[in-house]
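Overview (structure and organization)
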Amino acid sequence: MYKKTTLSNGLRILTIPIKSTKTATVLVLVATGSKYESKEISGVSHFLEHMNFKGTKKRPTSLQISEPLDRIGGQYNAFTGQEYTGYYVKANSKHLDFLMDIVSDITLNPNFAQKEIDKERGVIIEELNMYEDDPMRKVEDIWTDLLYGDQPAGWDIGGRKEVIAKLMRSDFVKYHTDHYVASKIVVIVSGMIRSDYVVSKIKNFFESVRISKGKDKLPTKEFQKKPELKLFYKKTDQTHIALGARSYNIWDNRRFAAAVLTTILGGGMSSRLFHNLRDKLGIAYYVRTGGSETTDVGNVATWVGVNNKRAEEAIRAILEEYKKIKTEKVSLEELNKAKEHIEGSLILGIETSDELASFYGFQEILKNEAMKPEEVIKKIRSVTSEEVLEVAQDIFKPEKLNLAVIGPFKNNKQFASLLKI
């Protein structure tokens, strides 16, 4: 099913044939993102992602990129993270050659016309403004800043407005030259395809890719000796909270037990925290718990939005569940329910060609290897109640606790005093 081919220039190609679909997805992932930036060019990864759709040597205008894709009813977009940037198109598999051609073109051959850069600044700044006006989204930035502070891992992926306003064509050209190189690119093609055909075509479409080791990122530093809090004042009708702790990176095998732990706490409408905060207390519409893992750090957090007057109550309720799960071993029934939930969600999540491409692609770009779905399921199934208890006791230590809050509050003390477990 899944096949990895590494070309002599270092470019990696993943092919995933699917017999039960008529679609094809071409996803290109580049090992670069906001963690690869300096403060002087903070936001360039995301800005560059936008610019790659603004014209290439072969397709000089943005319309010459979007119109042919719209014509075939294709789905296409791009995204930027801390450690990767991605470009994808999905359409009827009969257009496979065109899909590979256009994605390779926007990845390798952007024009970076200065007049287009100047116009796109406004788009980027309005995107940042949009997130600023969305407290549910803004609390994610507050959480990241709280955990990692003034280093790339703690910066907004979108960058800072004052930097966006100054970036010039030379900045984009240099960044593209430094990072968009064969050894840092993975091309994933899934759907109704033939692997040998795809590999031969990708060799041609990516023959102009630069051969270089590329530039790496600095490792993220973590330093915490006591519970930490970051309060962001905003006149809101609802307080948004992120409460959690530092955990494990993608190399740590304890992440599988941590995944079971977070599922028990806040994975689904019958999870402990959802049932408690929404069904019993009636103080939240949304509440979820999940983990985030990168190549060097990880964290676990519960996210919730509540009435401003009930923020402290919500924090106490979350901490009570954290305390409970680190002191009492979960039952076999609850353990198995969490495992089934994770397995079912995984199977549903990889039904389509684009999601399957993402499943393999993200693993490959971050780890240079990829587990098959059945291997992930096997790891999850092997987690014991003892292991869940062990990771809970390791993660939910007082000195690892972090709380990010956005709402109409100016006094840290009322929340700081709650951070006990």
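Quick note: structure is the one above.
I will try to describe carefully the structure that is included in this document.

About the thresholds
- Residues numbered from 1 in each chain as written.
- Predicted model: local features only at pLDDT ≥ 70, side-chain atom pairs only at ≥ 80, totals over all residues.
- Heavy atoms only, no water.
- Helix = DSSP H or I, 4+ residues; strand = E, 2+ residues; numbered from the N terminus.
- Rg over C-alpha atoms; globule rule 2.2 N^0.38 Å.
- Buried < 20%, exposed > 50% of the residue type's maximum accessible area, 1.4 Å probe, protein only.
- Pairing = 2+ DSSP bridges.
- Expected span 1.5 Å × (residues − 1).
- Axes fitted to C-alpha atoms, helices over the stretch in contact; angles between N-to-C directions.

This paragraph deals with the overall build of the protein. Helix and strand counts for the protein stand at 16 helices and eleven strands. The globule rule puts the C-alpha radius of gyration for 421 residues at 22 Å, and the 23 Å found for the protein is close to it. With the C-alpha coordinates aligned to their principal axes, the bounding extent of the protein is approximately 60 × 45 × 35 Å. Counting the 421 residues in the protein, one finds 55% classified as buried.

So, on to the pairing of strand E9 (residues 284–293). In terms of strand pairing, E9 meets strand E10 (residues 298–307) through eight bridges, oriented antiparallel. Opposite Glu 293, over in E10, you have Gly 298 as the bridge partner. Here E9 folds back onto E10 in antiparallel fashion, the turn holding four residues.

Side chains that are three or four residues apart share a direction in an α-helix, a result of its 3.6 residues per turn. Spanning 17 residues, helix H11 (residues 311–327) covers 25 Å between terminal C-alpha atoms, matching the ideal 24 Å at 1.5 Å per step. Buried within H11 we find Ala 311, Ala 314, Ile 315, Ala 317, Ile 318, Leu 319, Glu 321, Tyr 322, Ile 325 and Lys 326.

With that out of the way, let us pick up the sheet that holds strand E3 (residues 23–30). Read from one edge to the other, the open sheet built from six strands follows the order E1-E2-E6-E3-E5-E4, with strand pairing classed as mixed. Unpaired on one side and paired on the other, strand E1 (3–6) and strand E4 (75–80) mark the two borders of the sheet. Averaged over all neighbouring strand pairs, the angle between strand axes comes to 15°, with direction disregarded. Bridge count between E4 and strand E5 (residues 85–92): six bridges; the pairing is antiparallel.

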